[in-house]
Amino acid sequence: DAPLGTSDHCIITGTLCFSKVVSVNTWRKVWLYNRADWKSLTRALDQTDWSQIIGNCPSTSAEKFSDRLVSLCEAFIPSKLVSQSPNDPKWFDKTCHDAILAKNVAFDKYKKFPSEYYKGEFVRARNRCNTKLRNARRQHFKHLSRKVSSRSPSSASWWSIVKTTLGNQTTMIPPLSVNGNIVSSPEGKANALADLFVSKCKIINERTALPHVALKTDSVLSRPNIDYQLVEKVLSSLELNKASGCDNISSRVLRNCASSVSKPLCSLFNLIMNTGTFPTCWKTARVVAVPKTGKKTDPVNYRPVSLLPIVSKVFETIISKHIMTYLLDRNLITDRQFGFLPSRSTLHLLLSQHQRWVDAINDGSEVRAVSLDISRAFDTVWHPLLISKLASYGLDQIMCRVLSSFLTDRKFHVVVDGSSSRTHGIEAGVPQGSVLGPLFFIVFINDICVDIESQLFIYADDTTIFQVIPKTTERIACAESMNRDLERMASWAERNNIAFNPKKTNSILFTLKRSVVAAQHPPLMFLGHQLSSSESITLLGVTFNSKLSWVTHLESLASRGRQRLGMLRRSKSFLNQTALVILYKAFVRSIIEYCSPLYFGANATHLYPLHRLQSEALRIIGLDEMSAKSHNIQPLEHRFLVSALAVFHSAFKETTPAFVTQLLNRGGPNVDSLRSFSHTTVRVPHSRLDLHRRSFVPRTSRFWNRLPDDIRSLNSAQFKKSVNSHFLTNTCQLRMYGEH
């Protein structure tokens, strides 16, 4: 516009349109289990004629079973409808609402009829309201503090209580920005999120021909023998606070009535196996959107959490254990897979890789590694190919028919603020939130390592390949070999309808040679992209730099730990000391100790920020070094050592994966200058570099050999407790051993 008056500045005008976001109160049904008549419920279940309910159709029988159980729950378990605004704090109840209402009424009267009398009425109502709100908040957090102190941190309910206590558990999803439009209604947000989630569960290429899958074994896995004792055992082990699915049958009811429902469920499960048909009502998931990092107004920054019927998970648990036992007993799962398997963990994989890298550097070699990223790995599993792979491992036609029925025609809907989205079908992917999902995925990806020349390690979908380069003259041969492997993996992905993301595929060169630069190594190519060499790489939450020092990772740990200290400070005003100790162990110390056997031998100056972090946490909690021990908070070097020795003991007893056990050098003359050795000692590897001397095997071997022979000979259950007591009473040895 033209300048205003005598000013030479022009006016810039604009129109901003705002829509008021109205928070909708949601109503939900809450079962009052503490007032339930369990005896009458059990008696009613025992008196039910289940032969009239469990018929010839699994889908109809499952629906009738659910209807019968829910109707009996409504008869013998009291319930109430709870309404709460998404903006209300957890402690805000009806009495608080009434107090605020009374205060507002008194204020309106005072404004309408100004007088000392109505002013006094308003002041008294305001004071009563403030007192009520203050007391409600105090009582709420006092109750939560008792719960935090009394429950196990391993339970899901404990984490839910803690998140509620810290105030970082929000149930409200703000208005979402979808294609430039603002979606604010609960139903609109639910549909926007559902559309996003369903778009990810697609086959990469619908024109890909189903490849032939060769038979992997002559063994055959037939259907499991399902009896009511097995069903009752699974029901009795259910976690009480698991969220229910669309059938609204809680795990608490199934567990408390296990003896009464095990027989009809046994009949239903055997009907499923006989007909090869999975109940339709068990295939629909209720999805809750959970925010990730990033703007909460962007639907992309939400991940789906599927809630499936508990009864379905009971059946899946029986089938999953049956298949897993068969596959492991016959060594049909590659030993390079560390994810979703018993007695395997991220620590085992990282130890296997890192020690081999350090050993190579100690020998004067170089190591070249590549970590690969699969795009939407779990959401794009091709169902027909998965069934073919299951059949190739010996699953008979009945098993494959049941599992095929389990995978097909699955549906989901998203729930936001009590409103549901449209129901969508799922074309591909393993069912998220299911028991069988992880097993399906490791079977699907199991043949990725076929014909690979490089060393390869897998944790679920996280795949890493590497090669040791003994001489500079072998750099070209190494690059050619790794490029062949990358081509094989690209071909595997194309055959299996899986897509790698070359932009998130990282390469790194581990070397201590000062004159070496990445440009002196031939390039690595993947899917037409040249992989650039990084200075650091993060694998399963642990950062490795090109020098294999721990400074980068430890700085990251200290930074994350300092952020968590703010949580302790905020909690100090309403949690007691016992609860604060539990929070510290669960939220701060757990970060510090993740995979600590890898870096417990790091340079003292690099570990110092972690020790300082624990000291600051103790100051916030109000504990000194001596009183901390009474709360089972030992010095970090003590906990690091005990953890490393526990892993070493498992490797020595050969209860860890073979790749970890192979790192130990048993028996023979000891390089550690011991005057004597026994059948429980190990040979300490020769370390040319301080980097190698401080790594897991050489450093832990020295501590191991100095332990009393009777401690080394203990079983796993007794060893950790004994070695913990040993170093608590011999703190001088703890410091002395670390220097040699």
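To be clear, the structure that these remarks concern was listed above.
Residues numbered from 1 in each chain as written. Predicted model: local features only at pLDDT ≥ 70, side-chain atom pairs only at ≥ 80, totals over all residues. Heavy atoms only, no water.

K.L.:
Just to check I follow, could you spell out the overall build of the protein for this structure?
P.N.:
The helix and strand tally for the protein stands at 27 helices and 18 strands. Across its three principal directions, the C-alpha atoms of the protein cover 95 × 75 × 75 Å. Buried residues in the protein amount to 48% of all 740 residues. A separation threshold of at least 6 residues defines the contact pool for the protein, and within that pool the share at least 24 residues apart is 74%. Only carbon and sulfur atoms are counted for the fraction: they give 51% of the accessible area of the protein, which is about 36500 Å². Taking the average place of the 94 positive charges on the side chains of the protein and the average place of its 58 negative ones, the gap between the two points comes to 8 Å. (Helix = DSSP H or I, 4+ residues; strand = E, 2+ residues; numbered from the N terminus. Buried < 20%, exposed > 50% of the residue type's maximum accessible area, 1.4 Å probe, protein only. Contact = heavy atoms within 4.5 Å. Areas by Shrake-Rupley, 256 points an atom, 1.4 Å probe, with all protein chains shown as cover. Lys, Arg positive; Asp, Glu negative; His and termini not counted. Charge placed at Lys NZ, Arg CZ, Asp CG, Glu CD.)

K.L.:
So what exactly am I meant to see when it comes to the pattern of salt bridges here?
P.N.:
Pairing is possible between side chains that carry opposite charge, provided their charged atoms lie close to one another. Enumeration over the complete set of coordinates arrives at 18 salt bridges. Where Arg 475 meets Glu 366, a salt bridge forms, and the shortest distance between an N and an O atom there is 3.1 Å. Of the two residues, Arg 475 sits in helix H15 (residues 475-495) while Glu 366 sits in strand S7 (residues 366-372), which places them 109 residues apart along the sequence. Among the residues examined, Arg 475 registers a relative accessible area of 10% and is labelled buried. With its nearest N and O atoms 2.9 Å apart, the salt bridge here joins Arg 484 to Glu 453. One end of the pair, Arg 484, is in helix H15; the other, Glu 453, is in the loop between helix H14 (436-444) and strand S11 (455-459), with 31 residues separating them in the sequence. Overall, the relative accessible area of 38% leaves Glu 453 in the partly exposed class. (Salt bridge = Lys/Arg side-chain N within 4 Å of Asp/Glu carboxyl O.)

K.L.:
Just checking my understanding: could you explain the state of the cysteines for this structure?
P.N.:
A full pass over the atoms with the stated rule returns zero disulfides. Cys 257 takes part in no disulfide bond, and the closest cysteine sulfur, belonging to Cys 73, lies 6.9 Å away. Take Cys 478: it sits in no disulfide, and the sulfur closest to it among the cysteines is that of Cys 449, at 19 Å. Classification of Cys 478 by relative accessible area gives buried; the value is 5%. (Disulfide = S-S within 2.5 Å.)

K.L.:
Sorry, what's going on with unusual backbone geometry here?
P.N.:
Trans peptide bonds make up the majority, and among non-glycine residues the majority have a negative phi. Despite not being glycine, Leu 540 has its phi angle at roughly 55°, a positive value. With respect to the helices and strands, Leu 540 occurs in the loop between strand S17 (536-539) and strand S18 (542-545). With phi around 60°, Glu 654 is a residue other than glycine that occupies positive phi space. Within the secondary structure layout, Glu 654 lies in the loop between helix H21 (636-652) and helix H22 (658-661).

K.L.:
Even after reading the chapter, I still don't get the sheet that holds strand S12 (residues 462-469), so can you show me in this structure?
P.N.:
One key point about sheets: their strands pair by backbone hydrogen bonds, in either a parallel or an antiparallel sense. With respect to topology, five strands assemble into an open sheet ordered S11-S12-S7-S13-S16, the strand pairing being mixed. Looking at which strands have only one partner, the edges of the open sheet turn out to be S11 and strand S16 (533-534). Alignment of S7 against S12, held across seven bridges, turns out to be antiparallel. Following the sheet pairing, Glu 366 is matched in S12 by Ile 469. Running at roughly 155° to S11, helix H11 (residues 346-362) makes contact with S7, S11, S12 and strand S13 (506-510) of the sheet. The sheet strands contacting H15 are S7, S11 and S12, and the helix crosses S12 at an angle near 160°. (Pairing = 2+ DSSP bridges. Axes fitted to C-alpha atoms, helices over the stretch in contact; angles between N-to-C directions.)

K.L.:
Please explain the packing of helix H16 (residues 551-571) against helix H19 (residues 604-621) as it appears in this structure.
P.N.:
A packed helix pair is summarised by two numbers, namely the angle formed by the two axes and the spacing between the axes. Running from amino to carboxyl end, H16 crosses H19 at an angle of 10°, the nearest separation of the two axes being 8 Å. Considered as vectors, H16 and H19 are oriented roughly parallel to each other. Note on element contacts: H19 touches H16 through His 606, Leu 607, Pro 609, Leu 610, Leu 613, Glu 616, Ala 617 and Ile 620, opposite Val 551, Leu 554, Leu 557, Ala 558, Gly 561, Arg 562, Leu 565, Leu 568 and Arg 569. Residues belonging to the contact of H16 with H19 are distributed by class as follows: twelve nonpolar, two polar and three charged. (Parallel < 35°, antiparallel > 145°, perpendicular 65-115°, else oblique. Nonpolar A, V, L, I, M, F, W, Y, C, P; charged D, E, K, R; others polar.)

K.L.:
What should I look at first to understand the pairing of S12 in this one?
P.N.:
Note on strand geometry: in a regular strand, side chains alternate between the two faces of the sheet. Within S12, six of the eight residues are buried, which leaves the element mostly enclosed by the surrounding structure. As paired strands, S11 and S12 are joined by five bridges and run antiparallel to one another. Directly across from Gln 455, in S12, lies its bridge partner Phe 466.

K.L.:
Which parts of the structure should I look at to understand the packing of aromatic side chains?
P.N.:
Between two aromatic rings, the relevant description is the distance of the centres plus the angle of the planes. Scanning all chains against the criterion turns up 29 aromatic pairs. Relative to Phe 122, the ring of Tyr 110 has its centre 6.5 Å away and its plane inclined at 5°; by these criteria the two rings are stacked. One end of the pair, Tyr 110, is in helix H3 (residues 94-112); the other, Phe 122, is in helix H4 (residues 116-150), with twelve residues separating them in the sequence. Between Tyr 599 and Phe 640 the ring centres are 5.8 Å apart and the planes differ by 80°, which places this aromatic pair in the edge-to-face class. Within this pair, whereas Tyr 599 is found in helix H18 (residues 596-599), its partner Phe 640 is found in helix H21, the two being separated by 41 residues in sequence. (Phe/Tyr/Trp six-rings, centres within 6.5 Å; stacked < 30°, edge-to-face > 60°.)

Structural measurements only, silent on function.
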